[in-house]
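# Notes for the structure review
What follows is each chain in one-letter form.
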Amino acid sequence: MTSYRIPALAPLPTEPRWQLPAPLLPKPRSLVQQELAPPGQKQPGTRAKGSRGKAKRASDVPETPDGASRPQASQLEASPSPGIRELTEPAPGVPAQAANPFGLPAPLLALLQRRGFVTAEAIGGLLDPPPAPEPADHFADLAKAVARLRQACKVAEAVAICGDYDADGMTSTALLVGVLQRLGAKPQAAIPSRQEDGYGLNVAMVERLHGEGVGLLVTVDNGVAARDALLRAQALGLDVILTDHHSLPDELPPFLALLHPACTPEGSPYRGLAGVGLAYVLGQALARAMGDQQGLANARDLFCIGTIADMAPLVGVNRRWLMDGLPGLKGSALPGLQALQQVAGLDDGPIDAGSVGFQLAPRINAVGRLGDPQLVVDLLTTADQAEALELARACEGYNRQRRELCEAIEAEAVALVEADGDQKSPFLLLAQTHWHHGVIGIVASRLVERFSRPVALLASEGDGRLRASVRAPVGFAADQALKACHDLLIRYGGHPAAGGFTVLAERVAELHGRLNGLAAAWLQQRGEGSIVEPEALLPLEQIDRSFWHQLQRLEPFGIAMPAPLFWSHACEVVDQRELRGGHLQLTLAQGEGRVRAIAWRWQGPKSQPAVVDVAFRLRNNRWQGEERLQLEVVALRASGGEEICLQRRQRLYWCRRHGDGLLIRNGAGEELLASRAPGPDQVFDLTPWADHPQASHPYLLSLVQDAAMALGLVA
């Protein structure tokens, strides 16, 4: 089904393009076949795969002397009767809208349908996920791991918990340290330094721990790639339990037991676990085996923090356990979490996934980026409230330092990019020897948002080497790009959205050239600018506390279940002002609705048109004890008003409101009048044209829905 885009008139530095969601109707078979064509191969009479339909304001289209918008002659010749004469296949029935026994408002129901929740059963499973199944049925080595840990607890054995320096690794470490302490073992945290040791377990750590009398190692959030370290552990007679969620190597290292999501059965609800989720599975199973589950509430609190901080997919057991655990975070029995909430200013209101992701997790991650991860483990395991507050304040200090470093590096990086003027590299590769390794990944992510192209920031590692953090926009696979340059790199790794590498300084220029070639080919196919894809129309007058409470039923939001991106049509800009820090604040009105909107770090024009379309996320702003719903602006454009031109493939359709319905005219001057069908489903049909032989064809029905969405008539 052809989609719809309009360039925004209030652009970011690279102009965003709007793409409305697909209508809630099936695709014509011919278009499905077109999408399944081999990459780069065109079907006769169509655009290449990946091209999109576009919509324009009527004022962008040439006019005839009588003022009517008409296509140019070449367009008429290309499509004498678009969308009607070419249709020959039978019209399959339009599927019924999802059952809605849950009382969800139309925008949320449309949102869920577009995300694949098209039945009452599927929606019910999202709103109230089933309990987690028995983990022993999904992790083959769980019983073996529990048996070895029970032995350690019974004899008060020294156990090393070998974690990572990010929030997932530090919370995983604290979780198992807390559980094992309670059950009688003598656990100690062993987390490498980001600056001195790099990622993961290493040979020197294994030898040091062995020398300290440790006989059992448990890795959390790392381990499967530490082959040399684990071979050394085997040689020294150490038992190793691996819990990790990173990619499994072709040849596994030696271990006593392995807990890994990829080793669970296909379709397992445990497949999305982060490192802290695996630690929770192990800690929970051990506590149950030893008949002491009183400390598991603390473990669940840490599970919630680490899962959200690591951006694990919020599906399966992640979703179930977060829904169970997030409401209890406010009253956590862990003094460290209470102190962290205090320094983060979360004294008022509940703790939700957004609070964790944007206020608690950054303060934890800042320590791993700039300081000693042991500080966080101590914070999350101490029973002393005074010590917890002191440690939380230290986290706050690191977070403040992290912000200052990010702002300084971002300013330098932006200046380097803008020094090239309009001739920006397809792949932005920037290097400064004094940049801090711990924060360049954050800055790279900001540059991706700002310039809509892949970014690598490099800092000195010494000995003529540079270490990089890579971030990429959706559609460009960072890991595959680095793999294509493997012969130029000392080491590399990552996934499609992010990665890292180390390179010799003399090879940077050649590397940049190769990455530029890959990114240029991708940009040529994709086009410049970011793509804004609202999921559902939400009129401003529907935004109230009742709608907010219904939206909260879809929480928690995160990876695989992002916060909805809504849009609203023809909003009057009542007031606009620039705030300190480069933010833009608007007051928008539409019908009876009036709401405040904020565009963080706004890069577009300071003055907006009088009437705009706005793409936004809905937020609940708490300030000085008061709560107010506001829009978090993602994009703005001048509103197209009551008439737009919709382009599908090579054909143009002129669409305008007609009372409560809409009128569509094609290039041959043929017109269709569509009206809203009875019922709550917000579907438009061609009732006035019921005798037309193609009136029920999916192409025409989806065209009508495209037009209705573009004009702001349906969600």
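Predicted model, so just to flag it, every value in this text is computed and none were measured.

A few words now on the nonpolar core. Among the nonpolar cores identified, the biggest contains 75 residues, and L175, V218, L273 and L282 are the most heavily contacted of them. Contacts of L273, omitting those with residues within four sequence positions, involve F139, H245, P261, L278, V281, F303, V317, N318 and W321. Residues L127, F566, V612 and L618 belong to the second largest nonpolar core, which totals 42 residues.

So, about the layout of surface pockets. Of the voids in this model, the second largest pocket is the one considered here, and its volume is about 300 Å³. Considering the residues around the second largest pocket, the lining is formed by 21 residues, among which G178, V179, G295, N298 and L334 are closest to the centre. Listing elements by their share of the lining of the second largest pocket, those giving two or more residues are α6 (167-183), α10 (296-309) and α14 (374-381). Here the lining of the second largest pocket gets seven residues from one element, more than from any other, and that element is α6.

Turning to the sheet that holds strand β9 (residues 428-431), a few remarks are in order. Judged by pairing direction, the sheet is mixed, and its five strands sit side by side in the order β9-β10-β11-β13-β12 without closing on themselves. Edge positions in the sheet fall to β9 and β12 (491-495), since each of these pairs with one other strand and no more. Each adjacent strand pair in this sheet contributes to an overall mean axis angle of 20°, direction not counted. Judged from the five bridges that link them, β12 and strand β13 (residues 498-504) form a sheet pairing that is antiparallel.

A separate point is the confidence of the model for the chain. The predicted model of the chain averages 82 in pLDDT, with 82% of residues at 70 or higher. Contacts for the low-pLDDT stretch residues 1-15, under 50 throughout, to residues beyond four places or in other chains number 81 contacts.

A separate point is the pairing of strand β20 (residues 626-638). Across three bridges, strand β18 (residues 593-599) lies against β20 in parallel orientation. Opposite I598, over in β20, you have E632 as the bridge partner. Of the strand pairs in this sheet, strand β19 (residues 611-623) and β20 are connected by 12 bridges, and their pairing is antiparallel. In the sheet register, L618 faces β20, and the bridge partner there is L631.

Buried within helix α12 (residues 335-343) are the following residues: P335, G336, L337, A339, L340 and Q341. As for α12, its buried residues are in contact with α10, α11 (316-329), α13 (353-370), α14 and α15 (385-418). Positive phi appears at G345, one or two residues downstream of α12, with a value of about 75°.

On to the packing of helix α5 (residues 142-154) against helix α9 (residues 275-289). Axis separation between α5 and α9 bottoms out at 9 Å; the angle between their running directions is 60°. It follows from the interaxial angle that α5 and α9 lie oblique. By crossing handedness, the relation of α5 to α9 is classed as right-handed. Contacts between α5 and α9 involve L142, A145, V146, L149, R150 and C153 from the first element and V281, L282, A285, L286 and A289 from the second. In the contact of α5 with α9, the residues fall into 10 nonpolar, no polar and one charged.

Taken as a whole and judged by the stated rule, the model has nine aromatic pairs. Consider the rings of F139 and Y270, whose centres lie 5.3 Å apart with planes at 70°: the pair is edge-to-face. Of this pair, F139 sits in the loop between α4 (120-127) and α5 while Y270 is found in the loop between β8 (257-259) and α9, placing the two residues 131 residues apart along the sequence. Owing to a relative accessible area of 3%, F139 belongs among the buried residues under this scheme. Where Y280 meets W321, the ring centres are 4.9 Å apart and the plane angle is 85°; that geometry is what we call edge-to-face. One end of the pair, Y280, is in helix α9; the other, W321, is in helix α11, and 41 residues separate them in sequence. For the pair formed by Y280 and W321, the shared burial category is buried. Each residue in the set F139, Y270, Y280, F303 and W321 is aromatic and connected to the rest through ring pairs, giving one cluster.

Quick look at the sheet that holds strand β7 (residues 239-243) now. In spatial order, the strands read β5-β4-β6-β7-β8; together these five strands make up an open sheet with parallel pairing. Each edge of the sheet is formed by a strand with only one pairing partner; in this case those strands are β5 (186-190) and β8. Direction aside, neighbouring strands of the sheet carry axes that sit 20° apart on average. Bridging between β7 and β8 involves three bridges; their strand directions are parallel. Following the sheet pairing, I241 is matched in β8 by A257.

Between E555 and P556 the backbone carries a cis peptide bond, its omega angle lying at 0°. By the secondary structure assignment, P556 is in the loop between α19 (545-552) and β16 (566-579). One non-glycine residue with positive phi stands out, namely A156, at about 55°. Mapping A156 onto the fold places it in the loop between α5 and β4 (158-162). The phi dihedral of R601 is positive, around 50°, even though this residue is not glycine.

So, how was this worked out
Residues numbered from 1 in each chain as written. Predicted model: local features only at pLDDT ≥ 70, side-chain atom pairs only at ≥ 80, totals over all residues. Heavy atoms only, no water. Core = buried A, V, L, I, M, F, W, Y, C linked by side-chain atoms within 4.5 Å. Buried < 20%, exposed > 50% of the residue type's maximum accessible area, 1.4 Å probe, protein only. Contact = heavy atoms within 4.5 Å. 1 Å grid on protein atoms, 1.4 Å probe; cavity = no way out; pocket = protein on both sides within 12 Å on 5 of 7 lines; lining within 4 Å. Points joined across faces, edges and corners; volume = space filled by probe spheres on them. Helix = DSSP H or I, 4+ residues; strand = E, 2+ residues; numbered from the N terminus. Pairing = 2+ DSSP bridges. Axes fitted to C-alpha atoms, helices over the stretch in contact; angles between N-to-C directions. pLDDT = per-residue confidence, 0-100. Parallel < 35°, antiparallel > 145°, perpendicular 65-115°, else oblique. Left-handed = near helix turned anticlockwise from the far one by under 90°. Nonpolar A, V, L, I, M, F, W, Y, C, P; charged D, E, K, R; others polar. Phe/Tyr/Trp six-rings, centres within 6.5 Å; stacked < 30°, edge-to-face > 60°.

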